[in-house]
Amino acid sequence: MDVIREAEQVFVIEEARAYVEGIGLIDMNNAGQLAGHLMAAETLLMRIADAFAPVDA
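So, how was this worked out
- Residues numbered from 1 in each chain as written.
- Predicted model: local features only at pLDDT ≥ 70, side-chain atom pairs only at ≥ 80, totals over all residues.
- Heavy atoms only, no water.
- Salt bridge = Lys/Arg side-chain N within 4 Å of Asp/Glu carboxyl O.
- Helix = DSSP H or I, 4+ residues; strand = E, 2+ residues; numbered from the N terminus.
- Buried < 20%, exposed > 50% of the residue type's maximum accessible area, 1.4 Å probe, protein only.
- Axes fitted to C-alpha atoms, helices over the stretch in contact; angles between N-to-C directions.
- Parallel < 35°, antiparallel > 145°, perpendicular 65-115°, else oblique.
- Left-handed = near helix turned anticlockwise from the far one by under 90°.
- Contact = heavy atoms within 4.5 Å.
- Nonpolar A, V, L, I, M, F, W, Y, C, P; charged D, E, K, R; others polar.
- Expected span 1.5 Å × (residues − 1).
- Arc of directions from axis to C-beta.

Draft legend 1. Main features of the pattern of salt bridges. Tallied over the entire structure, the rule returns 2 salt bridges. With its nearest N and O atoms 2.5 Å apart, the salt bridge here joins Glu14 to Arg17. One end of the pair, Glu14, and the other, Arg17, are both in helix 1 (residues 3-23), 3 residues apart, so they sit about a helical turn from each other.

Structure representation (structure tokens):
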């Protein structure tokens, strides 16, 4: 496996882990805060999917 690709995969997973760790308490009555976290999570999941997508040879 490509070393740069592996590094990218580790980086994006660590970025997602750090984001989740830093969230803290969520006010479930604050729609803006919930929407912001959902959009950030969606972005991180797309980046993770891209990092692990098969590479066309």
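Draft legend 2. Region of the structure containing the environment of Glu8. Its location among the elements puts Glu8 in helix 1. Judged by relative accessible area, which is 42%, Glu8 ranks as partly exposed. Spatially, the C-alpha atom of Glu8 lies 9.9 Å from that of Asp50, the residues being 42 residues apart in sequence.

Draft legend 3. Seen up close, the environment of Gly24. Tracing the chain through its elements places Gly24 in the loop between helix 1 and helix 2 (31-52). As a C-alpha pair, Gly24 and Ala49 span 25 residues in sequence and 25 Å in three-dimensional space.

Draft legend 4. Structural detail: the packing of helix 1 against helix 2. Where helix 1 meets helix 2, the closest approach of the two axes is 9 Å, and the angle between their N-to-C directions is 165°. Relative to helix 2, helix 1 is oriented roughly antiparallel. Crossing handedness for the pair helix 1 and helix 2: left-handed. Of helix 2, the residues touching helix 1 (which contributes Arg5, Glu8, Gln9, Phe11, Val12, Ile13, Glu15, Ala16, Tyr19 and Ile23) are Gly36, His37, Ala40, Leu44, Arg47, Ile48, Asp50, Ala51 and Phe52. Of the residues in the contact of helix 1 with helix 2, the class split is 11 nonpolar, 3 polar and 5 charged.

Draft legend 5. Focus on helix 1. Given a rise of 1.5 Å per residue, 21 residues ought to cover 30 Å, and the 31 Å separating the end C-alpha atoms of helix 1 matches this to within 8%. Listing the buried residues of helix 1 in full gives Arg5, Gln9, Val12 and Ala16. Considered in projection along helix 1, the buried side chains sweep an arc of 70° and stay on one side of the axis. Exposed and oriented more than 90 degrees from the buried face of helix 1 are Val3, Ile4, Val10, Phe11, Glu21 and Gly22.

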